[in-house]
Amino acid sequence: LAKTTQPISMDSYEGQEVNITCSHNNIATNDYITWYQQFPSQGPRFIIQGYKTKVTNEVASLFIPADRKSSTLSLPRVSLSDTAVYYCLVGPNNNNDMRFGAGTRLTVKP
Amino acid sequence: EPEVTQTPSHQVTQMGQEVILRCVPISNHLYFYWYRQILGQKVEFLVSFYNNEISEKSEIFDDQFSVERPDGSNFTLKIRSTKLEDSAMYFCASSERSGGNQPQHFGDGTRLSIL
């Protein structure tokens, strides 16, 4: 399973765009990139997933360069309620063994 | 939106006792999972389950742990003889299909406290 590296923490202010980058240098051909969000005392919540280029949904965008060795989660105009831990996971489409890293603790300030 | 529900939300048990954590996955999902998160640490995969069989398990999931789908709706995690280090949040998840490209839907967990 590909190892991922993310910043331990990030601070932002309400209304700003936040970009969290994840490195996954040994990503394999059949690996997908998935991001989850976790609030205190809650289970992780799926945000977005991609394989290459760009994916956008109502919550976030995911940018994946051509070499796929990194990915960037972009949260537009964050609010205080976006304060959470964000996890980047990389895994193949034939394996259910999801390995969470330490994640990035995002703190949004007023 | 359909949810994964877990009961109880908090379980306090004496060391050495058996404990059963319960989960009701999303109804049309076929793949089920258990994770744990020790306070302040990362989410750790325990086991995945499909078609009444374990499909993957981690090194944490030793002989003290077992999973079962006793009926068409419940999915349970049993810890046979609890230890202090089993104290953690336990999360159940489910997905419609298999694989790392399938989003998993998590419950809000059971906080297990071993005394």
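Located above this text is the structure these notes cover.
Residues numbered from 1 in each chain as written. Chains lettered and ligands numbered in written order. Predicted model: local features only at pLDDT ≥ 70, side-chain atom pairs only at ≥ 80, totals over all residues. Heavy atoms only, no water.

Examining the overall build of chain B
Move 1: Secondary structure assignment for chain B yields 0 helices and 11 strands.
Move 2: Counting helices and strands in the order they occur from the N terminus, chain B gives β-β-β-β-β-β-β-β-β-β-β.
Move 3: For 115 residues, the compact-globule formula gives about 13 Å, and the C-alpha radius of gyration of chain B, at 13 Å, lands near that figure.
Move 4: Taking the principal axes of its C-alpha atoms as reference, chain B extends roughly 35 × 30 × 30 Å.
Move 5: Out of the 115 residues in chain B, the part that is buried amounts to 48%.
Move 6: Put simply, 55% of the contacts in chain B that link residues at least 6 apart link residues at least 24 apart.
Move 7: Summed over all atoms, the accessible surface of chain B reaches about 5,800 Å², with 44% contributed by carbon and sulfur.
Move 8: The centroid of the 10 positive side-chain charges in chain B is displaced by 3 Å from the centroid of its 15 negative side-chain charges. (Helix = DSSP H or I, 4+ residues; strand = E, 2+ residues; numbered from the N terminus. Rg over C-alpha atoms; globule rule 2.2 N^0.38 Å. Buried < 20%, exposed > 50% of the residue type's maximum accessible area, 1.4 Å probe, protein only. Contact = heavy atoms within 4.5 Å. Areas by Shrake-Rupley, 256 points an atom, 1.4 Å probe, with all protein chains shown as cover. Lys, Arg positive; Asp, Glu negative; His and termini not counted. Charge placed at Lys NZ, Arg CZ, Asp CG, Glu CD.)

Remarks on the pairing of strand β3 (residues 31-38) of chain A
Residues and elements named next belong to chain A.
Move 1: Summarising burial for β3: 7 of the 8 residues are buried, a large majority.
Move 2: Bridging between β3 and strand β8 (residues 84-92) involves 8 bridges; their strand directions are antiparallel. By the bridge assignment, Gln-38 is partnered in β8 with Val-85.
Move 3: Pairing of β3 with strand β4 (residues 45-50) involves 5 bridges; the strand directions are antiparallel. Looking at β4, one finds that Ile-33 is bridged to Gly-50. (Pairing = 2+ DSSP bridges.)

Some thoughts on the nonpolar core
Move 1: With 22 residues, the main nonpolar core has Trp-34, Leu-46, Phe-61, Val-67, Phe-75, Leu-77 and Tyr-90 of chain B as its most contacted residues.
Move 2: Elements that contribute at least two residues to this core include exactly β3 (19-24), β4 (31-37), β5 (43-50), β7 (65-68), β8 (75-79), β9 (88-95) and β11 (110-114) of chain B.
Move 3: One finds Ala-60, Ala-84, Val-90 and Leu-106 of chain A within the second-largest nonpolar core, a separate group that totals 20 residues. (Core = buried A, V, L, I, M, F, W, Y, C linked by side-chain atoms within 4.5 Å.)

Details of the environment of Gly-16 of chain B
All names here are of chain B.
Move 1: Here Gly-16 is to be found in the loop between β2 (10-13) and β3.
Move 2: We classify Gly-16 as partly exposed; its relative accessible area is 39%.
Move 3: It is 6.3 Å that separates the C-alpha atoms of Gly-16 and Lys-83, two residues lying 67 residues apart in sequence.
Move 4: Filtering out sequence-adjacent residues up to four positions away, Gly-16 remains in contact with Arg-80, Ser-81 and Thr-82.

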